[in-house]
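Fold and contact review
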Protein chains: 2
Amino acid sequence: MCPTNNPKLTSWVDVSPECEFPIQNLPYGVFQLGDAPPAVGVAIGEFVLDLAALHASGKFSGTSIAADNIFAAASLNGFMGKGRQAWTDVRDRISELLRKNNATIRDDKELRQQVLIPSSDVRMLMPVAIGDFTDFYSSKHHATNVGTMFRDASNPLLPNWLHLPVGYHGRSGTVFVSGVDIHRPNGQLKPDDNAPPIFGPSRLLDFELEIGFIVGAPNEAGHRIEINQAAQHIFGMVLVNDWSARDIQKWEYVPLGPFLGKSFATSISPWVVTLDALEPFRVPSPVQEPDVLPYLKTAAPWGLDIRLEAFVQSAKMSEPMKLTSTNFKHMYWTIVQQLAHHTVNGTAMRVGDLCGSGTVSGPTEDARGCMLEICWKGTKPITLPDGDQRRFFADGDTVTLRGASHGEGYRIGFGEVSATILPAVS
Amino acid sequence: MCPTNNPKLTSWVDVSPECEFPIQNLPYGVFQLGDAPPAVGVAIGEFVLDLAALHASGKFSGTSIAADNIFAAASLNGFMGKGRQAWTDVRDRISELLRKNNATIRDDKELRQQVLIPSSDVRMLMPVAIGDFTDFYSSKHHATNVGTMFRDASNPLLPNWLHLPVGYHGRSGTVFVSGVDIHRPNGQLKPDDNAPPIFGPSRLLDFELEIGFIVGAPNEAGHRIEINQAAQHIFGMVLVNDWSARDIQKWEYVPLGPFLGKSFATSISPWVVTLDALEPFRVPSPVQEPDVLPYLKTAAPWGLDIRLEAFVQSAKMSEPMKLTSTNFKHMYWTIVQQLAHHTVNGTAMRVGDLCGSGTVSGPTEDARGCMLEICWKGTKPITLPDGDQRRFFADGDTVTLRGASHGEGYRIGFGEVSATILPAVS
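Cut-offs applied
- Residues numbered from 1 in each chain as written.
- Chains lettered and ligands numbered in written order.
- Predicted model: local features only at pLDDT ≥ 70, side-chain atom pairs only at ≥ 80, totals over all residues.
- Heavy atoms only, no water.
- Least-squares fit on C-alpha atoms with pLDDT ≥ 70 in both.
- Contact = heavy atoms within 4.5 Å.
- Domains from an automatic or database assignment.
- Buried area = accessible area lost by both parts, 1.4 Å probe.
- Salt bridge = Lys/Arg side-chain N within 4 Å of Asp/Glu carboxyl O.
- Polar contact = N/O pair within 3.5 Å; in protein donor to acceptor, adjacent residues only side chain to side chain.
- 1 Å grid on protein atoms, 1.4 Å probe; cavity = no way out; pocket = protein on both sides within 12 Å on 5 of 7 lines; lining within 4 Å.
- Points joined across faces, edges and corners; volume = space filled by probe spheres on them.
- Helix = DSSP H or I, 4+ residues; strand = E, 2+ residues; numbered from the N terminus.
- Nonpolar A, V, L, I, M, F, W, Y, C, P; charged D, E, K, R; others polar.
- Pairing = 2+ DSSP bridges.
- Axes fitted to C-alpha atoms, helices over the stretch in contact; angles between N-to-C directions.
- Phe/Tyr/Trp six-rings, centres within 6.5 Å; stacked < 30°, edge-to-face > 60°.
- Buried < 20%, exposed > 50% of the residue type's maximum accessible area, 1.4 Å probe, protein only.

In the superposition of chain A on chain B (RMSD 0.0 Å, axial shift 0.0 Å), the rotation amounts to 180°. The superposition of one copy onto the other is thereby described by a two-fold rotation axis. For chain A, the smallest separation between a C-alpha atom and the rotation axis is recorded for Gly257 of chain A, amounting to 2.1 Å. Of the residues that chain A buries at the interface, 100% are likewise interface residues in chain B, meaning the two copies contact each other through the same surface.

Set out below in structure tokens:
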């Protein structure tokens, strides 16, 4: 195990056992303090460590990124683009500086005040300038549920599903960071199969509980990323809410796939949890039968044990209500399989590309990752504490996703992605 | 008619009647001369007018873009982002400076040598930093041919096709400028319906003859672009070759649409022909029956009379052979309908977003825009001059698209997009 992942490590920054940002995590984000320029930071306990200020103070001297202050930037792309060695160097250095016995920042009051900012004082921005956004469809439970509802309960999976991680391109320009509220989309709807389509606000607005990985190291056009090299190209992961208007999607999606039913908005969490921090939580992924083609085979396990939850809070509710609890370890297709498949045709990935997992549904009814499944096509509405019902979301509902990997006495958390649904613009 | 479009205008730069870049055109591109930094230029006759140098010489003083030299840049995005008034100002100024009777550059030998560079001396680069790449499916002839081949000849169009411009998101990171050669993609293929998929190079590599428009003015998330405002947001158009691996596509595309069958590469022409230059070539588009929803209705005609051709040249051939001739005016869905539909759900467009038309096929057999249709699913191979046959493309084939609108005694050309197919990387 990498020393930075040692469960026994503690920091001089106070971190409670329930806190999602202990010294083993060190997720990266982009923050803004008042009107100051945006900068890259790392979450530690209830603070943000300002890496731009830390770099300016010379604390990255001797590392591979000493020359340029790549942290004085509005995205992680410059840092990610330096490559895996830089990612390791920086993680090692930050981990050292934050350890209980390291006096460098701890005992330098001026420096400490300069680089350690209370999280409540800052505004989190989009962490990454996303190139392309791909969304996969990698939960067998989700694909089975959808196939059962809309196609054939006795044969719910399409023929290709068990042979390749099905995916499609989403819209990168409408990926928003947590806290940016989302207008209900308008569009063509066809509520009556025997009448022409009508125009209006979506009536079936849904979420999809996902995690996405961010590509940090590119590949050359025409040359694929081998599956055993895939992890070298993945910088980290974020929570993803792939907002979906089921009625727009249903009418438009044949034969070229989802378009306006998804393109209006996707929300992500502001903290990027590195693959390095998630390393201790690798677990075997589900057995794949039939056997996959060699380019999708990996000896090492690449399931990830990340607990995921979704919550809804209507405008009338005083606190959120849990919608579902699931786990990323149930995903049939792993992130390294996704990246190997994505590039097997020579597709060039860029620094900052985002690949969503698809809805993370688990094997049980209470582990379903979208309203379509939770309320089973609207046939099993849920009741909110105030007696209101939901089949899909109403204007004013706030939807929040959370996720964390749980170790012995600590957790590696993603924080949250949260957004409120605003009425459609008329 | 706008004065810059007057067919009688002539330039002191020599332009032959067959040349695609007369003073009525003035397309924008990004060029590089030797090791000098990239800059924005305009094509005029056999020359490139260096707008960065022209700006530096003060020749844009008094216009809305006088303050910053937005042309000293590696993309058109900075210029486009200044908005439609700037587009008009710059076109007006360039048109004036290039007119036969204008002595400003014509008679200033030093300036002329500085700003007017022979096209053969420069390398053309990607004109635009593309945000998202959308591809539509807007030719009724193409959709009908595909539906006839793969679904039902008596009912080839899917139910949604006549109600909305079907589209999907492609991959912006693999859009390459003309001249960048393309590796044949590897992928999962399923040549035998009754056997498992196999892995290997695509055997059915195809092109799609398209035009794409480039968004130059953004809209706010949640707020659509009204159809009668759509043209205010469109900067210009490029030729698009939407490379397609039909065998990869066929196996993967249900239910989420084309992915690796398209994502390896898309080629575009280096010159962006402005919507202003195409204004005289607006023609009525095909009658739409059934009637479309109000948000897709426009009083003004938005068909565009642009003749399009595709050519192939194998490694053994000494000159290209024509594959097809078609016309953009046959498109059922217009560019303003595409943009109005794309944003009707509140999708935010960014400066530099590219929207492809989909394959431009005409009503006749000799006006089909891809090999799938030209060779009718491989059943009608074409014979090259040396006796070789093609159902799809072979390694070493060079595919070239050309396009132009023809006026009285002049033409508004797109130049070409051309690329050679390299063998798959093993």
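That covers the picture; the talk isn't over yet.
We now examine the domain arrangement of chain A. You'll often see interface size given as the accessible area lost when the parts meet. Residue and element names in this part refer to chain A. The domains assigned to chain A are domain 1 (3-125) and domain 2 (133-422). With centres defined by C-alpha atoms, the gap from domain 1 to domain 2 works out at 29 Å. Carbon and sulfur atoms supply 62% of the area that domain 1 and domain 2 bury against each other, a total of about 2300 Å² over both sides. Taken together, the connections running from domain 1 to domain 2 amount to two salt bridges. In this structure, Arg84 and Asp276 form a salt bridge, with 3.1 Å as the shortest nitrogen-oxygen distance. Applying the counting criterion to the domain 1 and domain 2 interface returns eleven residue pairs in polar contact (both at pLDDT 80 or more).

This part covers the layout of surface pockets. A volume near 1200 Å³ is recorded for the largest pocket. Around the largest pocket sit 41 residues that line it, and Phe150, Gln249, Lys250, Trp251 and Tyr253 of chain B are the ones nearest its centre. Contributing elements (two or more residues each) for the lining of the largest pocket: strand 6 (133-136), helix 6 (140-150) and helix 8 (246-252) of chain B. Among the elements that take part in the lining of the largest pocket, helix 8 of chain B stands out by supplying five residues, more than any other. Class assignment for the residues of the lining of the largest pocket results in 22 nonpolar, five polar and 14 charged. Approximately 930 Å³ is the volume found for the second largest pocket. Contributing to the lining of the second largest pocket are 36 residues, with Phe150, Arg246, Gln249, Lys250 and Tyr253 of chain A lying nearest its centre. Residue assignment for the lining of the second largest pocket shows that the elements contributing at least two residues are strand 6 (133-136), helix 6 (140-150) and helix 8 (246-252) of chain A. Here the lining of the second largest pocket takes five residues from helix 8 of chain A, the largest share from any one element.

Here the focus is the sheet that holds strand 5 (residues 123-125) of chain A. All names here are of chain A. One open sheet holds the five strands; their spatial order is 4-3-2-1-5, and the pairing between them is antiparallel. Of all strands in the sheet, those bounded by a partner on one side alone are strand 4 (116-118) and strand 5. For this sheet, the mean angle separating the axes of adjacent strands, direction not counted, is 50°. Taken together, the four bridges between strand 2 (residues 39-44) and strand 3 (residues 47-50) define a ladder with antiparallel strand orientation. Bridged to Ala43 within strand 3 is Val48. Here helix 3 (residues 84-98) sits on the sheet in contact with strand 1 (28-32), strand 2 and strand 3, set at roughly 70° to strand 1.

A separate point is the interface of chain A and chain B. Taken together, the 57 residues of chain A in the interface contact 57 residues of chain B. Of the roughly 5300 Å² buried between chain A and chain B on both sides combined, carbon and sulfur atoms contribute 62%. The interface formed by chain A and chain B includes four salt bridges. A salt bridge links Arg171 of chain B to Asp353 of chain A; its shortest N-O distance comes to 2.8 Å. On the surface where chain A and chain B come into contact, there are 30 residue pairs in polar contact (both at pLDDT 80 or more). Only strand 6, strand 7 (167-169), strand 10 (186-189), strand 11 (198-201), helix 8 and helix 10 (335-343) of chain A provide two or more residues apiece to the side of chain A that touches chain B. Of the residues belonging to the side of chain A that touches chain B, the class tally is 29 nonpolar, 22 polar and six charged.

Residue and element names in this part refer to chain A. Here the structure, examined in full by the defined rule, presents 26 aromatic pairs over all chains. Judged by centre distance (5.3 Å) and plane angle (45°), the ring pair of Phe60 and Phe71 falls under tilted. With Phe60 in the loop between helix 1 (51-56) and helix 2 (77-80) and Phe71 in the loop between helix 1 and helix 2, this residue pair connects regions lying eleven residues apart in the sequence. Residue Phe60 shares its accessibility class with Phe71, and that shared class is buried. Through a chain of ring-to-ring contacts, three or more aromatic side chains come together here, namely Tyr28, Phe60, Phe71, Phe79, Trp87 and Phe235.

All names here are of chain B. Across the sheet, which stays open at both edges, the five strands sit in the order 4-3-2-1-5 with antiparallel pairing between neighbours. Two strands close off the open sheet at either side, each with one partner strand: strand 4 (116-118) and strand 5 (123-125). Put simply, the sheet's adjacent strands are angled 50° from each other on average, direction ignored. Examined bridge by bridge, strand 1 (residues 28-32) and strand 2 (residues 39-44) share four bridges and lie antiparallel to one another. Bridge assignment links Tyr28 to a residue of strand 2, and that residue is Val42. Contacts between helix 3 (residues 84-98) and the sheet are confined to strand 1, strand 2 and strand 3 (47-50), with strand 1 contributing the most and set at about 70° to the helix.

On to unusual backbone geometry, then. With an omega of 10°, the peptide bond between Glu289 of chain A and Pro290 of chain A qualifies as cis. Looking at the secondary structure, you find Pro290 of chain A in the loop between strand 18 (282-283) and strand 19 (303-304). Of note, the phi angle at Trp376 of chain B is positive, near 45°, even though the residue is not glycine. Positive phi, normally seen in glycine, also occurs at Lys377 of chain B, with a value near 65°. Position of Lys377 of chain B among the secondary structure elements: in the loop between helix 12 (371-374) and strand 23 (382-383).

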